[in-house]
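Tertiary structure, described
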Amino acid sequence: MSDAHWHILGAGAIGCLFAARLQQAGAGVTLLLREPASDEAVELLLEQGEQQQRLQLPASNCLAQSPISHLLVCTKAYDVAAAVDSVAHRLNPDSQVLLLANGMGFDQPLVQNYPWMQLYYGTTTEGAYRLAPRHIRHAGRGQTRLGRPGQEKPAPWFASWPRALQHCHWEADMEQALWAKLAINCAINPLTAIHQCRNGELEHNPQLAAQVSALCAEIAAVCTAAGYTGLATGLQREVQSVIRSTANNQSSMLQDVQNARPTEIDYITGHLLAVAARHGIATPRNSTLFTGVKALGT
Ligand code: KPL
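All of these numbers come straight from a predicted model, not from anything done at the bench. (Residues numbered from 1 in each chain as written. Predicted model: local features only at pLDDT ≥ 70, side-chain atom pairs only at ≥ 80, totals over all residues. Heavy atoms only, no water.)

Digging into the domain arrangement of the protein chain
You'll often see interface size given as the accessible area lost when the parts meet. Each domain of the protein chain was delimited in the assignment, giving domain 1 (5–172) and domain 2 (176–295). Each of domain 1 and domain 2 was reduced to a C-alpha centroid, and the two centroids are 25 Å apart. Carbon and sulfur atoms supply 66% of the area buried between domain 1 and domain 2, which totals about 1,400 Å² over both sides. For Asp256, the salt bridge goes to Lys76, with nearest N and O atoms at 2.9 Å. In this structure, the connection of domain 1 to domain 2 is made through 7 residue pairs in polar contact (both at pLDDT 80 or more). With 4 residues, the single largest contributor to the side of domain 1 that touches domain 2 is strand β7 (residues 118–124). (Domains from an automatic or database assignment. Buried area = accessible area lost by both parts, 1.4 Å probe. Salt bridge = Lys/Arg side-chain N within 4 Å of Asp/Glu carboxyl O. Polar contact = N/O pair within 3.5 Å; in protein donor to acceptor, adjacent residues only side chain to side chain. Helix = DSSP H or I, 4+ residues; strand = E, 2+ residues; numbered from the N terminus.)

Section: the pattern of salt bridges
In the structure shown here, the tally under the stated rule is 7 salt bridges. When the shortest N-O distance is used, the salt bridge between Arg54 and Glu43 registers 3.1 Å. Of this pair, Arg54 sits in strand β4 (residues 51–61) while Glu43 sits in strand β3 (residues 41–48); the two residues are 11 residues apart in sequence, bridging distant segments of the chain. With relative accessibility at 57%, the residue Arg54 sits in the exposed group. Here the salt bridges share partners, and the residues they tie into one network are Lys76, Asp256 and Arg261. (Buried < 20%, exposed > 50% of the residue type's maximum accessible area, 1.4 Å probe, protein only.)

Description of the nonpolar core
Note on soluble globular proteins: their nonpolar side chains tend to be buried together. One finds Leu71, Leu99, Trp179, Ile219 and Val239 to be the most contacted residues of the largest nonpolar core, which totals 61 residues. When residues of this core are assigned to their parent elements, the largest contribution, 12 residues, is made by helix α5 (residues 174–195). Of the residues that make up this core, three or more belong to each of domain 1 (5–172) and domain 2 (176–295). When sequence neighbours within four positions are dropped, the list of residues in contact with Leu99 reads Val73, Val80, Val84, Phe106, Asp107, Leu110, Leu119, Tyr120, Tyr121 and Gly122. Ala19, Leu22, Leu146 and Trp170 belong to the second-largest nonpolar core, a separate cluster that totals 38 residues. (Core = buried A, V, L, I, M, F, W, Y, C linked by side-chain atoms within 4.5 Å. Contact = heavy atoms within 4.5 Å.)

Here we look at the sheet that holds strand β11 (residues 168–171)
Reading across the sheet, the 11 strands line up as β8-β9-β3-β4-β2-β1-β5-β6-β7-β10-β11 and stay open at both edges, with mixed pairing between neighbours. Both outer strands of the open sheet, β8 (127–132) and β11, are each paired with one neighbouring strand and no more. Neighbour to neighbour, the strand axes of the sheet diverge by 30° on average, direction disregarded. Here 8 bridges tie β3 to β4, and the two strands are oriented antiparallel to one another. Residue pairing in the sheet places Leu45 in a bridge with Arg54 of β4. Against the sheet, helix α1 (residues 13–24) engages β1 (5–9), β2 (28–33), β3, β4, β5 (70–73), β7, β8, β9 (135–140) and β10 (144–147), with an angle of about 100° to β4. (Pairing = 2+ DSSP bridges. Axes fitted to C-alpha atoms, helices over the stretch in contact; angles between N-to-C directions.)

Some details on the site of the ligand
Close to the ligand lie Asn102, Lys181, Asn185, Ile188, Asn189, Asn199, Val242, Asn249, Ser251 and Ser252, which account for all nearby residues. The separation between an oxygen atom of the ligand and a polar side-chain atom of Asn189 is 3.1 Å. The side chain of Asn199 places a nitrogen or oxygen atom 3.0 Å from an oxygen atom of the ligand. When isolated, the ligand has an accessible area of 280 Å², and the protein chains bury 88% of it. By residue class, the composition of the shell around the ligand is 2 nonpolar, 7 polar and 1 charged. (Near = heavy atom within 4 Å. Areas by Shrake-Rupley, 256 points an atom, 1.4 Å probe, with all protein chains shown as cover. Nonpolar A, V, L, I, M, F, W, Y, C, P; charged D, E, K, R; others polar.)

Some thoughts on helix α11 (residues 284–295)
One full turn of an α-helix is made of 3.6 residues, so residues set three or four places apart face in the same direction. Along its 12 residues, α11 runs 16 Å from first to last C-alpha, staying within 8% of the 16 Å computed at 1.5 Å per residue. Among the residues of α11, Asn286, Leu289 and Val293 are the ones counted as buried. The buried residues of α11 all sit within an arc of 60° when viewed along its axis, so they share a single face. Away from its buried face, by an angle of more than 90 degrees, α11 presents the exposed residues Pro284, Thr288, Thr291 and Ala295. (Expected span 1.5 Å × (residues − 1). Arc of directions from axis to C-beta.)

Examining unusual backbone geometry
Although it is not a glycine, Gln196 adopts a positive phi angle of roughly 50°. Backbone geometry places Ala260, a non-glycine residue, at a positive phi of 55°. By secondary structure assignment, the location of Ala260 is in the loop between α9 (252–258) and α10 (269–279).

Next up, the structure:
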């Protein structure tokens, strides 16, 4: 089977990075732009280590009419539904739609409004940031997991992904992978946003470290109730290891707060609280953080 052609919505750091890496791996890519009259190629400058590469990425306006066979959505969680709406006229029941956003629950409007849509999910810890609108830095290699709840075997389009990204694999249990990432984000992101600190402070500051442990206990209880006992057991250790390996990072939520952007709290802690409420589990610490992040005004 020939490589799929990916249309990419959300030309931020991760969207541009994945577009570049897929193109370099031989897949066809087109960036979808929302600005009018943007039906041409975009020049992207990609940096990694000492290397700089210039790439031409074909672009197309969301409003165009040509059908989209494979759509990769790399927007913030709160933009996913509107972004897909903007190209829904180009999708059909054979289109494969891969959602790569933080948190969970952002797909609900799509499931309701487009029951025919073939939705796939992804999480990534690739580190990339934007130096200028079309200039990105691939700062650290991470893991990318792709999958679809209930689909153990890789989708036919998956073949080009491990060529594009060094550590990319198909998750036989994607729901669990999404929960694992959600649990980590719940333990790290709100605390770093409220205390305006890098991830590593959550280990070095004893008061914050104690808060992380207490949060993990609550999150683990919700994971268990949701059926992910294995995640619950290893959560403290996993969170500590992520804090250590990303010690120098500013979490995505802290960056959102600092840039006065909306945060993804509704899809991270908000999702956890909704599941906890359904199971009658008390989560006072997570509730306090939820309210705290909301009070930051984003
Ligand atoms: O995913 C992250 C985020 O910032 O959203 C972590 C793992 C916390 C790394 O910063």
